[in-house]
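# Secondary and tertiary structure notes
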Amino acid sequence: MSLNEPLFVECSQALARQTLASGGKTDEQRIAYAFRRALARQPQPDETRALMALLNKEKQRIADGWVNPTEVATGTNSVPKDLPAGATPAQLAAYTVVSRVLLNLDETITKE
């Protein structure tokens, strides 16, 4: 399982940062961007709904204090450096969780 391996965590953090920097202005645009980057295709409506639900759930968990956004976003307790313009550590953390899911889909991982 690759979900918690350091390389996949770092890749998820990088995809989240790129998504916030270049993925558009809305969560829907950003989800589609991250999905295309990971899977090289557009998400189906049900896939978008599932990822939006996950994103909103993570935003709420962060807002409620259940998740430390700096730890998720950076792997440490230090504030993320060079955040994309207008992005917050909480957004970076929530998109990191979504990115981890995308990078760990069977469709994303090539198995031999």
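Everything below is about the structure printed above this text.
These remarks concern the structure in this document. (Residues numbered from 1 in each chain as written. Predicted model: local features only at pLDDT ≥ 70, side-chain atom pairs only at ≥ 80, totals over all residues. Heavy atoms only, no water.)

Attention shifts here to helix 3 (residues 45-63). With 19 residues, helix 3 extends 27 Å between its outermost C-alpha atoms, agreeing within 8% with the 27 Å of an ideal straight helix rising 1.5 Å per residue. Those residues of helix 3 that sit buried are Thr 48, Leu 51, Met 52, Leu 54, Leu 55, Glu 58 and Ile 62. Down the axis, helix 3 shows its buried residues gathered within 160 degrees of arc, on one side only. Among the exposed residues of helix 3, those oriented more than 90 degrees off its buried face are Pro 45, Arg 49, Lys 57 and Ala 63. Tucked into the core, helix 3 has its buried residues touching helix 2 (27-39), helix 4 (69-74) and helix 5 (89-103). Two residues or fewer past helix 3, Gly 65 is found with a positive phi of approximately 90 degrees. (Helix = DSSP H or I, 4+ residues; strand = E, 2+ residues; numbered from the N terminus. Expected span 1.5 Å × (residues − 1). Buried < 20%, exposed > 50% of the residue type's maximum accessible area, 1.4 Å probe, protein only. Arc of directions from axis to C-beta. Contact = heavy atoms within 4.5 Å.)

Counting residues in hydrophobic clusters, the biggest one holds 24 residues, and the most contacted among them are Ile 31, Leu 51, Leu 55, Tyr 95, Val 98 and Leu 102. Only helix 1 (6-22), helix 2, helix 3 and helix 5 provide two or more residues apiece to this core. Sort the elements by how many residues they give to this core and helix 5 lands first, with 8 residues. Here Tyr 95 is in contact with Ala 16, Thr 19, Leu 20, Asp 27, Arg 30, Ile 31 and Leu 55, once residues within four sequence places are set aside. (Core = buried A, V, L, I, M, F, W, Y, C linked by side-chain atoms within 4.5 Å.)

Attention now goes to helix 2. Its 13 residues give helix 2 an end-to-end C-alpha distance of 18 Å, which sits within 8% of 18 Å, the value for a rise of 1.5 Å per residue. Turning to helix 2, its buried residues are Asp 27, Arg 30, Ile 31, Ala 32, Tyr 33, Ala 34, Phe 35, Ala 38 and Leu 39. On its buried side, helix 2 packs onto helix 1, helix 3 and helix 5. A positive phi of about 60 degrees marks Ala 40, the residue just after helix 2.

It is worth spelling out the environment of Pro 80 at this point. Among the structural elements, Pro 80 can be located in the loop between helix 4 and helix 5. Taking the C-alpha atoms as reference, Pro 80 lies 9.7 Å from Ala 93; in sequence the two are 13 residues apart. Setting aside its immediate chain neighbours within four residues, Pro 80 contacts Arg 17, Thr 70, Ala 73, Thr 74, Pro 89 and Leu 92.

Scanning all chains against the criterion turns up 4 salt bridges. Across the salt bridge formed by Lys 59 and Asp 27, the nearest N and O atoms sit 2.6 Å from each other. Within this pair, whereas Lys 59 is found in helix 3, its partner Asp 27 is found in helix 2, the two being separated by 32 residues in sequence. The salt bridge involving Glu 58 is made with Arg 61; its shortest N-O contact spans 3.3 Å. Taken as a pair, Glu 58 and Arg 61 lie in helix 3 at a separation of 3 residues, close to a single helical turn. On the basis of relative accessible area, Glu 58 is assigned to the buried category, the value being 6%. Several salt bridges share partner residues, and in doing so they unite Arg 41, Glu 47 and Glu 107 into one network. (Salt bridge = Lys/Arg side-chain N within 4 Å of Asp/Glu carboxyl O.)

The values reported here are purely geometric and, on their own, carry no functional implication.
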